[in-house]
Amino acid sequence: MNRRRPPTRLLALVVPLIALTALTATRIAEGPSTTAVATGRRSVTIKNFAFTPTRLSVAQGTMLAITNADATAHTFSARDGSFDTLVAPGATKTIRLDQAGTFAYSCKIHPSMKGTLVVK
């Protein structure tokens, strides 16, 4: 009995496609990450009246970009007053995080929007 092997080119296309499909399915099943650990330049996105990630750890001196993907203005405001910036719809503001500590933050306009920033 003579078995035909699949063409090498076909395997070269199918195997990565299967791997990509599996990776995509895993990401969808896991959902969005709510925690990030970072150094250097990092970001927080405001979308659907929520901060993403809701908890972020960064190194002291990090430049943090806050991008507002909503159609309304929001603030990125530390509860202790360490930082407070208004971010217009569609805009991005950048702040430098020079002070170490753990900072609870929220949107002053929409107080139900909350997060935590850890600067090490």
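Whatever comes next refers back to the structure up there.
Calculation notes
- Residues numbered from 1 in each chain as written.
- Predicted model: local features only at pLDDT ≥ 70, side-chain atom pairs only at ≥ 80, totals over all residues.
- Heavy atoms only, no water.
- Helix = DSSP H or I, 4+ residues; strand = E, 2+ residues; numbered from the N terminus.
- Buried < 20%, exposed > 50% of the residue type's maximum accessible area, 1.4 Å probe, protein only.
- Contact = heavy atoms within 4.5 Å.
- Areas by Shrake-Rupley, 256 points an atom, 1.4 Å probe, with all protein chains shown as cover.
- Core = buried A, V, L, I, M, F, W, Y, C linked by side-chain atoms within 4.5 Å.
- Pairing = 2+ DSSP bridges.
- Salt bridge = Lys/Arg side-chain N within 4 Å of Asp/Glu carboxyl O.
- Phe/Tyr/Trp six-rings, centres within 6.5 Å; stacked < 30°, edge-to-face > 60°.

## Quick look at the overall build of the protein
Along the backbone of the protein there are one helix and 10 strands. Overall, the protein shows an N-to-C arrangement of helices and strands of α-β-β-β-β-β-β-β-β-β-β. Buried residues in the protein amount to 28% of all 120 residues. Put simply, 45% of the contacts in the protein that link residues at least 6 apart link residues at least 24 apart. Summed over all atoms, the accessible surface of the protein reaches about 8,100 Å², with 58% contributed by carbon and sulfur.

## Here we look at the nonpolar core
Counting residues in hydrophobic clusters, the biggest one holds 19 residues, and the most contacted among them are Phe51, Leu64, Phe76, Phe83 and Leu117. Put simply, the parts of the chain that give this core at least two residues each are β2 (41-46), β4 (55-58), β5 (62-68), β6 (74-78), β8 (92-97), β9 (101-106) and β10 (114-119). Residues contacting Leu64, with those up to four places away along its chain left out, are Arg42, Ser43, Val44, Leu56, Phe76, Lys93, Thr94, Ile95, Leu97 and Leu117.

## Here we look at the pairing of β9
Where β6 lies against β9, two bridges are found, and the strand directions are antiparallel. Counted as the bridge partner of Ala78 is Tyr105 from β9. The sheet contact formed by β9 and β10 spans six bridges and is antiparallel. Residue pairing in the sheet places Gly101 in a bridge with Val119 of β10.

## Describing the pattern of salt bridges
All chains considered together, the criterion is met by two salt bridges. Here Lys108 makes a salt bridge to Asp84, at a shortest N to O gap of 2.7 Å. Placement of Lys108 in the loop between β9 and β10 and of Asp84 in strand β7 (residues 84-87) is noted, with a sequence separation of 24 residues between them. The class of Asp84 is partly exposed, set by a relative accessible area of 46%. For Asp98, the salt bridge is made with Arg96, and the minimal N-O distance between the two is 2.8 Å. With a relative accessible area of 45%, Asp98 lands in the partly exposed category.

## As for the environment of Pro89
Note on placement: Pro89 falls in the loop between β7 and β8. Judged by its relative accessible area of 42%, Pro89 is partly exposed. Separated by 21 residues in sequence, Pro89 and Asn68 have C-alpha atoms that sit 5.6 Å apart. Sequence-distant contacts of Pro89, defined by excluding residues within four places in its chain, comprise Asn68, Asp70, Ala71, Thr72 and Ala73.

## Details of the packing of aromatic side chains
Applying the stated criterion across every chain yields a total of five aromatic pairs. For the ring pair Phe76 and Tyr105, a centre distance of 4.4 Å and an interplane angle of 45° mean the geometry is tilted. Within this pair, whereas Phe76 is found in strand β6, its partner Tyr105 is found in strand β9, the two being separated by 29 residues in sequence. On the accessibility criterion, Phe76 (0% relative accessible area) is buried.

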